[in-house]
Amino acid sequence: MIIGTQILDRKLPSVAEGLACDRLFIVLEERVAELHPDLLPQLQSALPEAICRTLRGGEECKTTESLGFLWTWLSEEGATRRSALVLVGGGALLDLGGLAASTYMRGIATVYVPTTLLAMVDASVGGKTAIDFLGVKNLIGSFHPAHEVIVDIDFLRTLPLEELLSGYGEVVKHATLMGGEAWREVCHIGDPVGLMDDEWQALIEKSIAYKTSIVEADPTERGLRRILNIGHTVGHALEAYSHQNEFRRTLPHGEAVVFGLLIESYITMCQRGTSKEYIRQLMTLARELYSPFFYTCKDYPELLRLMRHDKKNSAGTITLMGVIEPGNIEAVEVADEGVIKEGLDFLRETFGS
């Protein structure tokens, strides 16, 4: 992991040299290219032999069609098993490109250059790659760790507010997992807009270091790594459902995770006794950072259907990683869907009031 400010064009050539690849391919997210018009020429100047192209990002790119497009492009441009793929963009592009790299000729090397806060603290760490399928988020994927990750804080300067706050949702998640001073810090910061580069770098480094320690202990999510899924069972369902219904606003991932944390913490409180102080603090943060996401009881059957596809589930029960208090996480099996509906009621009735 390489992290700093305005470092990409200086660090990427040495990383590429270390790969000892026969050909280098660079995919730059279209939106990033628009916001940073000098970036592609800089990359082409620094790496004149590289084959570059732009590609649409965002959750809409995580499809079988986009995956096939990347396979076709790599094949037609002569990529071999000794080639490497550099992905410059947000988490969705890293997910898509990482899956393409993991499956093309049974796997080629990747370098991630995350350009959103969410991608910096989440998608770029841990080796998970995926596309969405049958309306279910990340249903098809693989584990394929990047050879190197270059985090350039400078990309945050042009990041839209909604995406910055979405990424901060994962920072809040990691702080919940760490507990103690990390949780107190995010509560003290509240709205992160206005943080200086060195403050952002410190927060990002802390989140990355924590996630890395969990991933190294459990690379393929067989045990400990499951705690990284707090808020995700319900959050992924809310996020996926928001993409199915154009009359509602689309939920960014990190925002959905925070809403999922609130609902899952309520459910855990009903079954195990989550700290009410934690729920109050999390609600205060959520209200400061995010707008309400409106849904009704009529939406519950589809939300429950989406939750049943979660990878942690077994034997017909929905499994949550429940927060007892910051730093204390336990698996919670929920056989009674009525409790989940109560959690959905809790967010709907209290967050917007």
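As recorded in an unreviewed UniProt entry, the protein goes by the name 3-dehydroquinate synthase, listed as coming from Porphyromonas somerae. Reading the Subcellular location (unreviewed entry) entry of the UniProt record for the protein gives the comment "Cytoplasm". Recorded in UniProt for the protein, the comment headed Sequence similarities (unreviewed entry) runs: "Belongs to the sugar phosphate cyclases superfamily. Dehydroquinate synthase family."

Asker: Would you mind showing me how to read a nonpolar patch on the surface here?
Answerer: A surface patch of nonpolar side chains, about 350 Å² in accessible area, is lined by Phe 133, Leu 134, Leu 139 and Ile 140. Inspection of the secondary structure assignment puts Ile 140 in strand S7 (residues 136-143). Taking the relative accessible area as the measure of exposure, Ile 140 reaches 37% and is therefore partly exposed.

Asker: For this particular structure, what's the right way to read the sheet that holds strand S1 (residues 2-4)?
Answerer: In sheet architecture, strand pairing relies on hydrogen bonds along the backbone and comes in two forms, parallel and antiparallel. Across the sheet, which stays open at both edges, the six strands sit in the order S1-S8-S5-S4-S2-S3 with parallel pairing between neighbours. In this open sheet, the two strands that pair with only one neighbour each are S1 and strand S3 (51-55). The average undirected angle you get between the axes of adjacent strands in this sheet is 15°. Direction of pairing for strand S2 (residues 24-29) relative to strand S4 (residues 84-89): parallel, over a ladder of five bridges. From the neighbouring strand, Phe 25 faces S4, where its bridge partner is Leu 85.

Asker: Would you mind going over the state of the cysteines with me for this structure?
Answerer: Throughout the structure, instances matching the rule amount to zero disulfides. Cys 297 provides the cysteine sulfur closest to Cys 270, a residue in no disulfide bond, and the two sulfurs are 16 Å apart.

Asker: Looking at this structure, how should I read unusual backbone geometry?
Answerer: Across the chain, the bulk of peptide bonds are trans and the bulk of non-glycine residues have phi less than zero. One non-glycine residue, Leu 134, lies in positive phi territory at about 55°. By relative accessible area, which is 64% here, Leu 134 ends up exposed.

Asker: Where do I start with the environment of Gly 18 in this structure?
Answerer: Among the secondary structure elements, Gly 18 is positioned in helix H1 (residues 8-19). By relative accessible area, Gly 18 is classed as exposed at 54%. Along the backbone, Gly 18 and His 147 are 129 residues apart, and their C-alpha atoms lie at a distance of 9.8 Å.

Asker: Mind showing me how you'd approach helix H7 (residues 161-178) here?
Answerer: Each α-helix winds once per 3.6 residues, and so residues spaced three or four apart point in a common direction. Between the first and last C-alpha of H7 there are 25 Å, a value that for 18 residues agrees with the 26 Å anticipated at 1.5 Å per step. In terms of burial, H7 is largely enclosed, as 14 of its 18 residues are buried. Note on H7: the residue one or two positions beyond its end, Gly 179, has a positive phi of about 70°.

Asker: Help me understand the packing of aromatic side chains in this model?
Answerer: Evaluated as defined, the whole model comprises eight aromatic pairs. Judged by centre distance (5.1 Å) and plane angle (55°), the ring pair of Trp 183 and Tyr 278 falls under tilted. Pair noted here: Trp 183 is in helix H8 (residues 180-189) and Tyr 278 is in helix H12 (residues 276-289), with a separation of 95 residues, a long-range link. Overall, Trp 183 belongs to the buried group, its relative accessible area being 4%. Judged by centre distance (6.2 Å) and plane angle (50°), the rings of Phe 293 and Tyr 295 are tilted. Of the two residues examined, Phe 293 and Tyr 295, each falls in the buried class. Linked through ring pairs, Phe 259, Tyr 290 and Phe 351 together constitute an aromatic cluster.

Asker: Would you explain the packing of H7 against helix H11 (residues 253-271) in this entry?
Answerer: Between two packed helices, both the angle of their axes relative to each other and the distance between the axes serve to describe the pair. Packing of H7 against H11 brings their axes to within 6 Å, and their N-to-C directions diverge by 40°. The orientation of H7 relative to H11 falls into the category oblique. Handedness of the H7/H11 crossing: left-handed. Between H7 and H11, the contacting residues are Ser 166, Gly 169, Glu 170 and Lys 173 on the first element and His 253, Gly 254, Glu 255, Val 257, Val 258 and Leu 261 on the second.

Asker: What is the right way to look at the domain arrangement of the protein in this model?
Answerer: Where interface size is quoted, it is often the accessible area lost as the parts come together. We note that the domain assignment places domain 1 (1-156) and domain 2 (167-349) within the protein. One C-alpha centre belongs to domain 1, the other to domain 2; they are set 27 Å apart. Taken together, the contact between domain 1 and domain 2 spans 23 residues of the former and 30 residues of the latter. Carbon and sulfur atoms make up 67% of the surface buried where domain 1 meets domain 2, a total of about 2200 Å² over both sides. On the surface where domain 1 and domain 2 come into contact, there are three salt bridges. Notably, a salt bridge pairs Asp 122 with Lys 211, separated by 2.8 Å at the nearest N-O pair. The tally of links between domain 1 and domain 2 comes to five residue pairs in polar contact (both at pLDDT 80 or more). Residue assignment for the side of domain 1 that touches domain 2 shows that the elements contributing at least two residues are S1, helix H6 (117-123) and S7. With five residues, the top contributor of residues to the side of domain 1 that touches domain 2 is H6. Tallied by class, the residues present in the side of domain 1 that touches domain 2 amount to 12 nonpolar, six polar and five charged.

Asker: Please clarify how the side chain of Asp 152 should be interpreted in this entry.
Answerer: Within the secondary structure, Asp 152 sits in strand S8 (residues 148-152). Buried charged residue Asp 152 carries no salt bridge. Nearest counter-charge: Arg 10, at 6.9 Å. Only 3.2 Å separates the side chain of Asp 152 from the backbone nitrogen of Leu 8, close enough to count as a polar contact. When near neighbours in sequence (up to four residues on either side) are disregarded, Asp 152 contacts Gly 4, Thr 5, Gln 6, Ile 7, Leu 8 and Met 120.

Basis of the calculations
Residues numbered from 1 in each chain as written. Predicted model: local features only at pLDDT ≥ 70, side-chain atom pairs only at ≥ 80, totals over all residues. Heavy atoms only, no water. UniProt positions renumbered as here; feature names shortened; annotations may be inferred. Patch = residues over 30% accessible without salt bridge, like charges linked within 9 Å, V, L, I, M, F, W, Y side chains within 5 Å. Areas by Shrake-Rupley, 256 points an atom, 1.4 Å probe, with all protein chains shown as cover. Salt bridge = Lys/Arg side-chain N within 4 Å of Asp/Glu carboxyl O. Helix = DSSP H or I, 4+ residues; strand = E, 2+ residues; numbered from the N terminus. Buried < 20%, exposed > 50% of the residue type's maximum accessible area, 1.4 Å probe, protein only. Pairing = 2+ DSSP bridges. Axes fitted to C-alpha atoms, helices over the stretch in contact; angles between N-to-C directions. Disulfide = S-S within 2.5 Å. Expected span 1.5 Å × (residues − 1). Phe/Tyr/Trp six-rings, centres within 6.5 Å; stacked < 30°, edge-to-face > 60°. Parallel < 35°, antiparallel > 145°, perpendicular 65-115°, else oblique. Left-handed = near helix turned anticlockwise from the far one by under 90°. Contact = heavy atoms within 4.5 Å. Domains from an automatic or database assignment. Buried area = accessible area lost by both parts, 1.4 Å probe. Polar contact = N/O pair within 3.5 Å; in protein donor to acceptor, adjacent residues only side chain to side chain. Nonpolar A, V, L, I, M, F, W, Y, C, P; charged D, E, K, R; others polar. Lys, Arg positive; Asp, Glu negative; His and termini not counted.

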